[in-house]
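Breakdown of the fold
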Amino acid sequence: MDNGKGNGRRRSRTPPRPINLALQGGGSHGAFTWGVLDCLLEDGRFAIEGVSGTSAGAMNAVCLADGMTANGPEGARQKLHDFWRAVGRNWRWNPVQRTPWDVFMGNWSLDHSPAFLFWDTLSRFFSPYDVNPLNANPLLDTIRAEIDFERIHRCDQIKVFVSATNVWNGKVRVFEETDVTAEAVMASACLPQLFQAVEIDGVPHWDGGFMGNPSLFPFFEKTRSEDIVLVQINSVERTETPRTARDILDRVDEITFNASLLKEFRAIEFVSRLIDEGKLQHGQYKQIRMHRIAADEALQPLSASSKSNTEWQFLKHLRDIGRAAAFDWLDMQSDKVGVEPGIDLEKEIAYRLVSPRDHPPATPRVRDMLAKMRDAVDWRAQEKPGADD
C-alpha cells in the first residue's frame, strides 16, 4: 500500500486524547483530508470519538469508521487508501482530462480541458435531469462497492454524522447510526448542477455544504470530547477580487459553503464567552475548543476545476500535502488539545479588512513541498522547446 509514509512516526507512549473531527467537502480536494487522517491514525496520539463530514468529508468519515471496525487504525488507513484508489481508477474512463501541456507543466487545473469547458457550459443551460435522464451515477456505484455500511452500523468506536440539505425545506439533515447509508453519503455530495437529487424517505436531498460544511452541533450533545479538529479545505478568506465569470461563481460557492461553519463558530464563541464570564456553568454547557488543520498556501492556488480532477497522481499529491500539514500541526499545535483552543474564534468571526499579511505562512513541511513543486515546474519551463529563443 502506497500511503506516502516517508516522514511518519508513531507516538503512543501516553493514552490517546479524545477528539472529534470535522471534515469539509471539496470534491477531489478531499484527498487532502485522506492524508490528514492517514497521518493522525499513524501517529496514534488521539482517539477519534466522533466524526462529522460533508460531501468528500462524509466519504472520508465512513471510510474511517468502516476500516476502524474491521482492523483498527491500520484498517482505517487501508480503507481510505482503497477508496481513493478506486476513485482514481475511475478517472481513466473520464472524458474530462487535463491537456498535454498542463500535464507537462504540472498544472492540475482542468480550465483548459475541452471536455470540462463543454460540460461546464452545458450545466448552465441544462439540468442533470435533461442530460442524464437515466440517472447514471458512477460515484454512488463506487461508494456502494467500497464501503461496508453494515460494518459502519456496528461501529462502536466512532460516532459518524453525515450532513445533507433537504431540498424542500432548505434545512440540514444529519444522518447517524443506521441512517448512514450509501444514499446518505451520496446525498451529502449531491451538487445539483451535476447530479439528480438523492431521494431518501421520499424527500430529495442536495449537497450538505449548503447548510453544514461540516455540521458541528451533533458533537455538542452526542460526544464527550470538547475538542474539535476541523480539517479545512475551503478558504474562508482570499485577498484578490475574482473577475472572470468562472472565478466569481467559484468564490460565491466558497462563501456559501463556509457560511454555516462561520455561524457555528459564532455560537461556540458566544457560549464560551458566557462560561468565561460565569454566566453559564461549565459542565452544564460545553466549552468547545476548536483546532484546525489546513494548508491554504498549497490549496488556494488550485483552481476550482481541479476539484473535478480525480487522477490518481493528483489524489496522491493532495494526500501528501495533507500528511505534511497534519505532521506540522502535530509538531506545532497538538499540545493545545485538551488545554486551550487552537483557533481564535473571536478573530475568526470578526469583520476586518484582510491583507496578505493576515494569512499565516505555510508550515515547514508544506513549505518544503511547495518549494519542490516550484523547482520542478521551473525545470520543465526551462526544458520546453524554444525556451532559449
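So, a few notes on the structure that sits alongside this text. Since this is a predicted model, take the numbers as computed values, not measurements. (Residues numbered from 1 in each chain as written. Predicted model: local features only at pLDDT ≥ 70, side-chain atom pairs only at ≥ 80, totals over all residues. Heavy atoms only, no water.)

Let us look at the environment of P364. The topology assignment puts P364 in helix α14 (residues 364-383). P364 gets classed as partly exposed once you look at its relative accessible area, which sits at 33%. Taking C-alpha positions, P364 is 37 Å from A187, a pair spaced 177 residues apart along the chain. Contacts of P364, omitting those with residues within four sequence positions, involve D328 and M332. (Helix = DSSP H or I, 4+ residues; strand = E, 2+ residues; numbered from the N terminus. Buried < 20%, exposed > 50% of the residue type's maximum accessible area, 1.4 Å probe, protein only. Contact = heavy atoms within 4.5 Å.)

What follows covers a nonpolar patch on the surface. Where nonpolar side chains cluster on the molecular surface, the patch consists of F118, W119, F125, F126 and V131 and spans about 570 Å² of accessible area. Mapping F125 onto the fold places it in the loop between α4 (114-122) and α5 (128-131). (Patch = residues over 30% accessible without salt bridge, like charges linked within 9 Å, V, L, I, M, F, W, Y side chains within 5 Å. Areas by Shrake-Rupley, 256 points an atom, 1.4 Å probe, with all protein chains shown as cover. Salt bridge = Lys/Arg side-chain N within 4 Å of Asp/Glu carboxyl O.)

The relation between two aromatic rings is expressed through the spacing of the ring centres and the mutual angle of the planes. All chains considered together, the criterion is met by 9 aromatic pairs. Look at F161 and F219: their rings are 5.9 Å apart centre to centre, the planes differ by 80°, and that puts the pair in the edge-to-face class. Of this pair, F161 sits in strand β3 (residues 159-166) while F219 sits in helix α9 (residues 217-222); the two residues are 58 residues apart in sequence, bridging distant segments of the chain. Residue classification places F161 among the buried positions, given a relative accessible area of 1%. Note on F219: relative accessible area 0%, which makes it buried. An aromatic cluster of at least three residues, connected via ring pairs, comprises W34, F83, W84 and W312. R85 extends its terminal NZ or CZ atom over the ring of W312, reaching a point 4.6 Å from the ring centre. (Phe/Tyr/Trp six-rings, centres within 6.5 Å; stacked < 30°, edge-to-face > 60°. Lys NZ or Arg CZ within 6 Å of the ring centre and 35° of its normal.)

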